[in-house]
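Residue strings, one per chain:
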Amino acid sequence: MSPFIRKYTNDEQLQQDVNKLSQKGIDKDNVYVLAHDSDRSKRVADNADANTIGLNEMNLKSAVGNLFNKKGDELRTKLKEVGLSDVEANNYEEELDEGKILLVVTNTDNVEEILTNTL
């Protein structure tokens, strides 16, 4: 199953949505933040109490390969490691190039319902 992914231009909105997920019992271990700039990813993830896609989520070959990859290749590899196809990873990497930040949620079925429900 592919992960749930939502694009944001506003870091605060992403943080609010992570809060909603946490309040509804979504395990923080399944919630990731990814931006083109790794400092932004870390800052937003720390503020939202979420994770970044790092060594724990990647196999050894991908992690070592990322040491030598260009930024775009690194981002596509990270997206593929959480379950996206090559085409999906390419499309989302283009969104990251445009300054968007991604919320990635793995291992859950009801994330979209939680985030669209305003109760």
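- As recorded in an unreviewed UniProt entry, the protein chain goes by General stress protein and comes from Sediminibacillus dalangtanensis.

Concerning the overall build of the protein chain
Link 1 in the chain: Per the secondary structure count, the protein chain includes six helices and four strands.
Link 2 in the chain: Beginning at the N terminus, the succession of helices and strands in the protein chain can be written as β-α-β-α-β-α-α-α-β-α.
Link 3 in the chain: Relative to its 119 residues, the protein chain shows a buried fraction of 43%.
Link 4 in the chain: For the protein chain, restricting intrachain contacts to residue pairs at least 6 apart in sequence, the fraction spanning at least 24 positions comes to 64%.
Link 5 in the chain: Only carbon and sulfur atoms are counted for the fraction: they give 42% of the accessible area of the protein chain, which is about 7000 Å².

Some thoughts on the sheet that holds strand β1 (residues 4–8)
Link 1 in the chain: Overall, mixed pairing links the four strands, which are arranged β1-β4-β2-β3 in an open sheet. Each end of this open sheet is capped by a strand with a single partner; those strands are β1 and β3 (51–52).
Link 2 in the chain: Sheet topology note: the strand β2 (residues 31–35)/β3 ladder contains two bridges and is parallel. Across the sheet, residue tyrosine 32 finds its bridge partner in β3, namely asparagine 51.
Link 3 in the chain: Across the sheet, helix α1 (residues 11–23) touches β1, β2 and β4 (101–105), and the angle it forms with β4 is around 10°.

Conventions used here
- Residues numbered from 1 in each chain as written.
- Predicted model: local features only at pLDDT ≥ 70, side-chain atom pairs only at ≥ 80, totals over all residues.
- Heavy atoms only, no water.
- Helix = DSSP H or I, 4+ residues; strand = E, 2+ residues; numbered from the N terminus.
- Buried < 20%, exposed > 50% of the residue type's maximum accessible area, 1.4 Å probe, protein only.
- Contact = heavy atoms within 4.5 Å.
- Areas by Shrake-Rupley, 256 points an atom, 1.4 Å probe, with all protein chains shown as cover.
- Pairing = 2+ DSSP bridges.
- Axes fitted to C-alpha atoms, helices over the stretch in contact; angles between N-to-C directions.

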